[in-house]
Amino acid sequence: MGNKEKGKQSRRKFLQNIGVAGVGAISAPAILFTACSSSSDKKTKVLTPDNKLIEIDSENGLAIDTTDKSYLNKIGREGIPGKKFVMVIDLGKCRNERKCMKACQSEHQLKPEQHHLNVLEMENPSSGQTYFMPKLCQHCDNPPCVTVCPVDATFKRQDGIVLVDNERCIGCRFCIAACPYSARTFNWTEPRDSEEYKDITYNMELNVPQKKGTVTKCAFSADRIREGKLPYCNSACPNGVYYFGDANEDLVTNGTTKETVRLSKLLKQNSAYTLMPELGTQPSVYYLPARENS
Amino acid sequence: MENINEKFATIEKDLLAPVKWGKKSIIWMGFLMVTLVVCMFFYYQQIRNGLGVTGLNDFVSWGIYISNFVFFVAASLIGMLISSVLGLAGSKWIMPISRIAEIIAVSFAMVAGLIIISDMGRPDRLHHVFLHGRIQSPIIWDIAIVLTYVAVSVLLLYVPLIPDIALLSKKQNGLPRIQKWMYKILSLGWANHPNQYKLIKKYFKLLAVLIIPIALAIHTVTSWLFAMTLRAGWDSPIFGPYFVSGAFVAGCAAVTIGMYFFRTSYNLKSYITDYHFDKMGKLLVLVALVYVYFNINEIIVPAYKLKGGEAEHLKSMLFGHDALMFWLVQIGGLVLPFILLLFKKMRKPLPSLIISSVILLGAWFKRYLIVVPVQQHPYYPIQNVPDSFMHYTPTIAEIAITVASFVLFLIIATVLSKIFPIIPIWELKEEVKEQIQ
Ligand code: SF4
Ligand code: SF4
């Protein structure tokens with residue numbers, strides 16, 4: 001956390017203030033894109049579900065009671081009002097370091113062969129050059145996985161995130177068949193370390209503990225977003241590949257540099273694209289093409 | 001009059017004879033039960049350890065359970081074709097085999113529902129389907145329609161059975177008391193009154209009409225489990241009729257096999273004759289022709305264009321990994337039998353049996369080819385997973401659980417054919433009467 005970081009301080013404060021003001025309206029824990037914080041003595045005011053204004057530690061503070069399952073289920077299904085989360089992946093910067101994959105697998109209690117996020121080696125069909133493409137759930141705005149789910153175990157929230165409720169899922173795997181991006185993975189056997197985690201309250205936004213016989217996939221780190229932080233993969237990347245933010249605000253923040261930029265400008269200047277737009281799934285993940293000179 | 005009574009007596013004697021639990025049938029049932037128990041042990045393992053005991057993986061996540069389900073639904077369609085479509089069209093020859101067709105339909109349909117459960121990762125959450133069911137999911141449509149189809153085909157089997165059940169209740173001796181008691185209840189106070197016959201015929205007709213759209217729907221909806229996705233190879237608007245036409249082929253083959261089996265082991269050679277096999281053979285030729293037509297459309301049209309994701313899948317099917325199975329199924333399991341059945345000699349009982357068995361086997365693998373290979377070619381490459389994820393090979397446990405579904409089918413079909421006459425006695429009598437007059 002060096003000099004660059006300091007420059008962002010004032011912006012962070014500014015956002016915090018907005019956050020507190022906005023809290024009254026959304027009556028949920030504040031969600032800010034402060035993204036990073038150098039010290040933990042900063043306090044943020046947030047509104048709890050029972051309408052109490054409390055001060056929390058803005059770095060580690062969780063205004064969420066992670067043991068109250070019905071509350072977790074409620075906020076997990078509702079999402080964060082007024083937001084539309086998007087991710088931008090700059091393929092030109094990916095060096096296949098796979099720190100993102102590791103962070104993801106460790107946070108979501110996944111086995112080595114289970115990927116919420118998979119860095120694929122792709123080939124440019126015209127130039128024959130290879131490049132690396134982190135592929136995750138595209139959080140489609142017209143998600144085929146959600147349409148086919150027979151029990152509403154996979155659903156789309158108002159903030160654009162597609163989540164799985166692994167206490168509802170019946171394990172029919174229709175969503176796996178329906179997802180054209182192969183973004184979903186299944187717990188074919190007892191999940192990793194299930195003994196160890198068995199007493200933890202299920203948090204839909206993190207989708208842990210994993211459960212045998214249910215499907216799991218990328219959650220856009222909904223639990224981290226709720227705390228005002230960037231997704232696990234974004235923060236883990238050393239190369240500045242990932243940007244994450246809110247399309248309504250038109251701002252995205254880079255996970256490595258913490259630099260916040262205009263989404264529309266970023267997409268336009270770098271001729272961003274989405275994966276298989278012809279399928280009409282309307283992904284929330286944008287890719288910036290790998291440039292030959294980068 | 002003498003003559004007719006004599007004839008009636010032989011009919012009753014011949015057709016009621018198999019309705020009892022002889023030594024042979026008890027041994028057969030025992031064998032089935034033991035096999036079922038062995039197979040269920042593997043299901044217990046699956047429940048305990050998860051679907052990981054199968055060869056399924058994140059890419060091929062639907063395997064032989066689902067293709068077997070499609071096969072069962074397909075084979076169950078035939079009861080509808082034979083007894084309702086042909087029956088309503090006034091074909092007389094189907095009378096002695098209509099009940100066989102219905103029993104096959106009911107048994108396949110009942111087991112199909114169970115196969116779906118065996119494929120679930122969390123069968124303990126089956127009730128979620130009723131608690132949280134969402135109407136836009138084709139699975140919900142499928143469950144609703146399978147249940148409806150089972151219910152209506154049971155009625156379709158039952159209604160024309162009533163006079164025969166009454167006969168059994170009156171005449172058949174040496175049966176367990178509970179069975180007698182069941183006949184009594186099921187015969188609904190049947191008194192052989194002409195009005196009652198009229199009523200039966202009326203209800204039968206009503207059900208026969210009702211079952212046509214339901215049966216078409218059940219297989220169309222099953223095809224939609226695939227066609228409603230965006231996967232190259234499944235994303236096809238003709239999947240509905242393609243599946244339905246394939247179902248008729250599989251079903252006709254199943255009925256021919258059933259006819260042969262009942263004819264020999266229940267001593268019905270003079271009731272199910274060469275004539276019936278000949279007719280069934282011709283019916284098979286007709287439905288196979290329609291199916292070949294749909295196959296040509298389903299394969300040649302995309303193969304001509306070889307667009308995007310479909311190209312890889314088609315190439316591996318036509319010349320690659322799945323080519324051997326594909327050509328065996330298409331040529332050996334469909335085209336060749338079709339050509340053979342054009343010859344009268346091949347429509348005799350034994351050749352019919354052999355050809356039908358090959359067709360049925362081909363039909364099973366055809367379902368496999370529809371379900372599995374598409375998933376081996378997703379749009380994005382399969383990477384960073386164990387090599388076993390590249391292809392799908394069913395495990396012993398998975399095969400055993402699939403075998404269990406066939407065993408269960410045989411159990412249901414055997415029980416039904418052991419407690420009810422396999423040929424409608426009263427309808428046969430009516431026919432004899434008409435002929436004499
Ligand atoms: S990428 Fe796949 S899993 Fe994610 S929302 Fe789209 S269809 Fe669903
Ligand atoms: S596997 Fe679970 S999440 Fe996926 S469609 Fe079935 S019930 Fe829904």
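Refer to the structure presented above.
Below or above, wherever it landed, is the structure these notes cover. Keep in mind that this is a model prediction, so the values were computed, not measured.

Basis of the calculations
- Residues numbered from 1 in each chain as written.
- Chains lettered and ligands numbered in written order.
- Predicted model: local features only at pLDDT ≥ 70, side-chain atom pairs only at ≥ 80, totals over all residues.
- Heavy atoms only, no water.
- Helix = DSSP H or I, 4+ residues; strand = E, 2+ residues; numbered from the N terminus.
- Buried < 20%, exposed > 50% of the residue type's maximum accessible area, 1.4 Å probe, protein only.
- Contact = heavy atoms within 4.5 Å.
- Areas by Shrake-Rupley, 256 points an atom, 1.4 Å probe, with all protein chains shown as cover.
- Salt bridge = Lys/Arg side-chain N within 4 Å of Asp/Glu carboxyl O.
- Polar contact = N/O pair within 3.5 Å; in protein donor to acceptor, adjacent residues only side chain to side chain.
- Nonpolar A, V, L, I, M, F, W, Y, C, P; charged D, E, K, R; others polar.
- 1 Å grid on protein atoms, 1.4 Å probe; cavity = no way out; pocket = protein on both sides within 12 Å on 5 of 7 lines; lining within 4 Å.
- Points joined across faces, edges and corners; volume = space filled by probe spheres on them.
- Pairing = 2+ DSSP bridges.
- Axes fitted to C-alpha atoms, helices over the stretch in contact; angles between N-to-C directions.
- Near = heavy atom within 4 Å.
- Core = buried A, V, L, I, M, F, W, Y, C linked by side-chain atoms within 4.5 Å.
- Patch = residues over 30% accessible without salt bridge, like charges linked within 9 Å, V, L, I, M, F, W, Y side chains within 5 Å.
- Expected span 1.5 Å × (residues − 1).
- Arc of directions from axis to C-beta.

The secondary structure content of chain A amounts to 10 helices and 13 strands. Every one of the 294 residues in chain A was classed for burial, and the buried ones make up 59%. Here the contacts in chain A between residues at least 6 apart in sequence split such that 59% fall between residues at least 24 apart. Per element, the accessible surface of chain A, about 11800 Å² overall, is 50% carbon and sulfur.

Attention now moves to the interface of chain B and chain A. Quite often, the size of an interface is put as the accessible area lost when its parts meet. Residue-level contacts link 41 residues of chain B with 50 residues of chain A. Taken together, chain B and chain A are joined by two salt bridges. Across the salt bridge formed by Asp 152 of chain A and Arg 134 of chain B, the nearest N and O atoms sit 3.3 Å from each other. Summed over the shared surface of chain B and chain A, the result is 30 residue pairs in polar contact (both at pLDDT 80 or more). Going through the elements one at a time, helix H2 (23-49), helix H6 (128-132) and helix H7 (138-158) of chain B are the ones with two or more residues in the side of chain B that touches chain A. Here the residues of the side of chain B that touches chain A are counted per class, giving 20 nonpolar, 14 polar and seven charged.

Turning our eyes to something else, we now look at empty space enclosed by the protein. What the rule picks out here adds up to 11 cavities of 30 Å³ or more. Approximately 110 Å³ is the volume attributed to the second largest cavity. Residue lining of the second largest cavity: 13 residues in total, with His 115, Asn 118, Ser 182 and Arg 184 of chain A together with Phe 59 of chain B positioned closest to the centre. Only strand E4 (117-123) and strand E8 (184-186) of chain A provide two or more residues apiece to the lining of the second largest cavity. When grouped by side-chain class, the residues that make up the lining of the second largest cavity number four nonpolar, five polar and four charged.

What follows concerns the sheet that holds strand E13 (residues 285-288) of chain A. Residues and elements named next belong to chain A. A sheet is described by the order of its strands in space; here five strands give the open sequence E12-E11-E10-E3-E13, paired in mixed fashion. Of all the strands in the sheet, just strand E12 (260-262) and E13 have a single pairing partner and so form its edges. Between one strand and the next, the sheet's axes are offset by a mean angle of 25 degrees, whatever the strand orientation. Two strands pair when backbone bridges link them, and strand E11 (residues 251-254) and E12 are joined in this way by three bridges, in the antiparallel orientation. Note on E12: the bridge partner recorded for Leu 251 is Arg 262.

This next bit is on the layout of surface pockets. Residues and elements named next belong to chain B. Of the voids in this model, the largest pocket is the one considered here, and its volume is about 720 Å³. Forming the boundary of the largest pocket are 24 residues, of which Gly 87, Lys 92, Met 95, Lys 201 and Glu 427 lie nearest the centre. Top element by residues in the lining of the largest pocket is helix H17 (residues 425-436). It accounts for six residues. Within the lining of the largest pocket, the residues separate by chemical class into eight nonpolar, five polar and 11 charged. There is about 620 Å³ of room inside the second largest pocket. Lining the second largest pocket are 32 residues, and of these Gly 233, Asp 235, Ser 236, Pro 302 and Glu 310 lie nearest its centre. Mapped onto the lining of the second largest pocket, the elements with two or more residues apiece are helix H11 (239-265), helix H12 (274-305), helix H13 (308-318) and helix H15 (349-375). Here the lining of the second largest pocket is composed, by residue class, of 18 nonpolar, six polar and eight charged.

Here we come to the site of ligand 1. Taken together, Cys 137, Gln 138, His 139, Cys 140, Pro 143, Pro 144, Cys 145, Val 162, Cys 179, Tyr 181, Arg 184 and Lys 217 of chain A make up the full set of residues near ligand 1. Among the residues making up the shell around ligand 1, the classes are represented as eight nonpolar, two polar and two charged.

Our focus in this paragraph is the environment of Met 259 of chain B. All names here are of chain B. Tracing the chain through its elements places Met 259 in helix H11. Judged by relative accessible area, Met 259 falls into the buried class, the value being 0%. Expressed as a C-alpha distance, the spacing of Met 259 and Ile 165, which sit 94 residues apart in the sequence, is 21 Å. In this view, Met 259 contacts Ile 97, Ile 100, Ile 272, His 276, Phe 277 and Met 280; residues no more than four positions away in its chain are not counted.

Of all hydrophobic cores here, the largest spans 150 residues; its most connected members are Tyr 149, Phe 226 and Met 280 of chain B. Among the elements that make up this core, the one with the highest residue count is H11 of chain B (14 residues). Apart from the residues lying within four places of it in its own chain, the contact partners of Phe 226 of chain B are Trp 62, Ile 66, Val 70, Trp 234, Phe 239, Phe 243 and Val 371 of chain B. The next biggest cluster of nonpolar side chains, apart from the first, holds 44 residues, and it includes Cys 100, Tyr 181, Cys 237 and Tyr 287 of chain A.

For the rest of this paragraph, the subject is a nonpolar patch on the surface. On the surface, Trp 327, Ile 331, Val 335, Leu 336, Ile 339, Leu 340, Leu 342 and Phe 343 of chain B cluster together into a nonpolar patch covering about 700 Å² of accessible area. With respect to the helices, strands and loops of the structure, Leu 340 of chain B is situated in helix H14 (residues 323-341).

Let us now look at the side chain of Asp 223 of chain A. Within the element layout of this structure, Asp 223 of chain A appears in helix H8 (residues 222-226). If near-sequence neighbours (up to four positions away) are discounted, Asp 223 of chain A is found in contact with Asn 203, Glu 205, Leu 206 and Tyr 232 of chain A.

Another aspect to go through is the environment of Lys 217 of chain A. All names here are of chain A. In this fold, Lys 217 is placed in strand E9 (residues 215-217). Assessed through its relative accessible area of 2%, Lys 217 is described here as buried. Considered as a pair, Lys 217 and Leu 136 are 81 residues apart in the sequence and their alpha carbons are 8.2 Å apart. Setting aside its immediate chain neighbours within four residues, Lys 217 contacts His 116, Cys 137, His 139, Val 162, Leu 163, Val 164, Ala 183, Arg 184 and Asn 207.

Residue and element names in this part refer to chain B. Given a rise of 1.5 Å per residue, 12 residues ought to cover 16 Å, and the 17 Å separating the end C-alpha atoms of H17 matches this to within 8%. Here H17 has its buried residues at Ile 425, Trp 426, Leu 428, Lys 429 and Val 432. Projected onto a plane normal to the axis of H17, the buried residues spread over an arc of 160 degrees and lie on a single side. Seen from the buried face of H17, the exposed residues on the opposite side, beyond 90 degrees, are Glu 434 and Gln 435.

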